[in-house]
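Structural overview
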Amino acid sequence: MSVARGQREPMPGLYPVTFGEIELLRDLDRQDGWVLSKDGVPQSYVDLQDPTFLEFEYVRLIADVIDLLPEGPLSCVHVGGGACTIPRYIAATRQGSRHIVVEPDGLLINLVREQLDLRSVPKLKVIVEGGREGTAKIWDASADLVVLDAFTGATMPVELATLEYMGDIARVLRPTGTLLINMADGKGLAFAKRLLATVTSTFGHVVLLAEPGVMRGRRFGNLIVAASRTGLPVDLLTRRAAGGLTQARCVHGEALTNFIAGASPIKDGDPVLAPVPPPAVFG
């Protein structure tokens, strides 16, 4: 195992965190690859020597969008920390970027600092709060990018999918900023359609990226939403998504309107249940 200078070798095993227990697993195929798992659900993957290696398909789709943003360092807000895969990726590909990570589990952040060398990511600050409480503390028009990738186990907290919260994200973003959301859904995609209705009520330019089987609701999986008030590189995104390892579809414009099919936005207090994956998804 190659370990960065001053960083001790991670120790696989079970670790208590604020909200339960995390398992740290070594990737047997990559000597520097590590997985954070909770209740049998993989939460994050990092390669400590190559932060540009992205194991999960949905993370590669997020990176595809980030790669197509204007060149240069970014001011980023990440709602949901995990092992901070995306902050590591951006730090490696866009030197000088700044990161605020909003993560409610302080013991998880301590674990990632101690075992997975989080200190190697420059200009990273952590706010130990829930997504809405943490976002409320961030200055207006201060972020080029907000990445919303917050899950409780395999379920997205509904309070982070509402019209009111999208309004607060819009407040934090600069006028030309971009929002990226990782969500998960299955048969029928009812939650995805309502979340997209919520996002399109706030942002004028929205695209949906997902593997075709997930997009058609044939299997449970991740879907990525990209949103902006000023525009998105739709043609480049479509080509990159189709040509990548995931061969994902990019839905936008009239096709996205048809996909939403009149679903109503989610508002605070609405009786909405985020979808839970079938047991077979994670074995």
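A brief structural summary. Each chain carries its own residue numbering, running from 1 in the written order of its sequence. In view of the model being predicted, local features appear only for residues whose pLDDT reaches at least 70, and side-chain atom pairs are presented and counted only at 80 or more, with totals across whole chains, interfaces and linings using the full set of residues. Note that water and hydrogens are dropped before the side-chain values are worked out from all heavy atoms of the structure.

Quick word on the overall build of the protein
Strands are runs of DSSP state E lasting at least two residues, helices are runs of H or I lasting at least four, and both sets are numbered from the N terminus onward. Each helix and strand in the protein was counted, giving 9 helices and 12 strands. Each radius of gyration is computed over the set of C-alpha atoms, and the globule rule expresses the reference value as 2.2 Å times the number of residues to the power 0.38. In terms of overall dimensions, the protein is globule-like: its C-alpha atoms have a radius of gyration of 18 Å, near the 19 Å expected for 283 residues. Principal axes of the C-alpha set define a box for the protein whose edges measure 55 × 40 × 40 Å. Note on classification: 1.4 Å probe, protein chains only; a residue is buried when its accessible area is under 20% of the maximum for its type, exposed when over 50%, partly exposed between these limits. Considering the protein as a whole, with its 283 residues, one finds that 53% of them fall into the buried category. Only heavy atoms matter for contacts: two residues are in contact if any of them lie within 4.5 Å across the pair. Relative to all contacts within the protein whose residues are 6 or more apart in sequence, the contacts with residues 24 or more apart total 69%. Surface accessibility follows the Shrake-Rupley procedure with a 1.4 Å probe radius. Residue values consider only the protein chains on display as shielding. Summing over all exposed atoms, the protein offers an accessible surface of approximately 12900 Å²; the carbon and sulfur share of this is 52%. Under the convention used here, Asp and Glu are negative, Lys and Arg are positive, and both His and the chain ends fall outside the count. Where a charge lies is defined by one atom per residue type: Lys uses NZ, Arg uses CZ, Asp uses CG and Glu uses CD. Charged side chains in the protein number 28 positive and 32 negative. The centres of these two groups are separated by 4 Å.

Points about the side chain of Asp168
With respect to the element layout, Asp168 can be found in helix H5 (residues 163-172). When sequence neighbours within four positions are dropped, the list of residues in contact with Asp168 reads Arg132, Thr135 and Ala136.

Observations concerning the pattern of salt bridges
Any carboxyl oxygen of Asp or Glu within 4 Å of a side-chain nitrogen of Lys or Arg constitutes a salt bridge here. If you walk through the whole model with that rule in mind, you get 12 salt bridges. The residue Glu129 makes a salt bridge to Lys137 at a minimum N-O spacing of 2.4 Å. The exposure class of Glu129 is partly exposed, given its relative accessible area of 23%. Since its relative accessible area comes to 53%, Lys137 is described here as exposed. Salt bridges sharing partners connect three or more residues here, namely Arg30, Asp47 and Asp50.

Looking at the nonpolar core
The nonpolar side chains of soluble globular proteins are, as a tendency, buried together. Grouped together as the largest cluster of nonpolar side chains are 45 residues, with contacts concentrated most on Leu148, Leu179 and Leu208. The dominant element in this core, judged by the number of residues it contributes, is helix H6 (residues 190-202), at 6 residues. Leave out the neighbours within four places in its chain, and Leu208 touches Met183, Leu196, Met215, Leu223, Ile224, Val225, Arg249, Cys250, Val251, Leu256 and Phe259. Residues belong to one nonpolar core when they are buried, are Ala, Val, Leu, Ile, Met, Phe, Trp, Tyr or Cys, and are joined through side-chain atoms within 4.5 Å. One finds Val65, Leu69, Ile86 and Ala241 within the second-largest nonpolar core, a separate group that totals 29 residues.

Section: the packing of H5 against H6
The angle between the axes and the distance between the axes are what describe a pair of packed helices. For helices, the fitted line uses only the C-alpha atoms of the stretch in contact; every axis is such a line through C-alpha atoms, and the angle between N-to-C directions lies from 0 to 180 degrees. Between H5 and H6, whose axes approach to 9 Å, the crossing angle comes to 40°. Regarding the angle of H5 to H6, the classification is oblique. As H5 runs across H6, the sense of the crossing is right-handed. Taken together, the residues of H6 that come into contact with H5 (itself represented by Leu163, Met166, Gly167 and Ala170) are Leu195, Thr198, Val199, Ser201 and Thr202. In terms of residue class, the contact of H5 with H6 is built from 5 nonpolar, 4 polar and no charged. In what follows, roughly perpendicular refers to angles from 65 to 115 degrees, roughly parallel to angles under 35, roughly antiparallel to angles over 145, and oblique to any angle outside these ranges. Crossing handedness is read from the near helix: turned anticlockwise from the far helix by less than a right angle, it gives a left-handed crossing, and turned clockwise, a right-handed one. Think of it as three bins: nonpolar holds Ala, Val, Leu, Ile, Met, Phe, Trp, Tyr, Cys and Pro, charged holds Asp, Glu, Lys and Arg, and polar takes everything else, Gly as well.

Overview of the sheet that holds strand S4 (residues 41-47)
Strand pairing is defined by DSSP finding a minimum of two bridges between the two strands. Ordered in space as S1-S2-S3-S4, the 4 strands form an open sheet in which the pairing is antiparallel. The open sheet terminates on both sides in strands that have one partner only, identified here as strand S1 (13-17) and S4. Neighbour-to-neighbour, the strand axes of the sheet open up by a mean angle of 25°, direction not taken into account. The sheet contacts of helix H3 (residues 106-115) involve S1, strand S2 (20-26) and strand S3 (33-38), and relative to S1 the element is tilted by about 140°.

Considerations on the layout of surface pockets
As defined here, a cavity is a set of points on a 1 Å grid over the protein atoms alone where a 1.4 Å probe fits but cannot get out. A pocket is an open set with protein on both sides within 12 Å along at least five of seven lines, and residues line them when an atom is within 4 Å of a point. Grid points are joined across faces, edges and corners, and a volume is the space filled by probe spheres set on the points. Estimated volume of the second largest pocket: approximately 250 Å³. Of all the elements in the fold, those that place two or more residues in the lining of the second largest pocket are strand S5 (75-79), strand S6 (98-102) and strand S7 (124-127). Taken together, the residues that form the lining of the second largest pocket break down as 6 nonpolar, 3 polar and 4 charged.

A word on the packing of aromatic side chains
Centres within 6.5 Å make a pair out of two Phe, Tyr or Trp rings, where for Trp the six-membered ring is used; the pair is then stacked when the planes are under 30 degrees apart, edge-to-face when over 60, and tilted otherwise. A complete count under the given rule lists 3 aromatic pairs for this structure. Relative to Phe56, the ring of Tyr45 has its centre 6.3 Å away and its plane inclined at 65°; by these criteria the two rings are edge-to-face. With a gap of 11 residues between them, Tyr45 in strand S4 and Phe56 in the loop between S4 and helix H1 (57-67) connect regions that are remote in the sequence. Residue Tyr45 shares its accessibility class with Phe56, and that shared class is buried.

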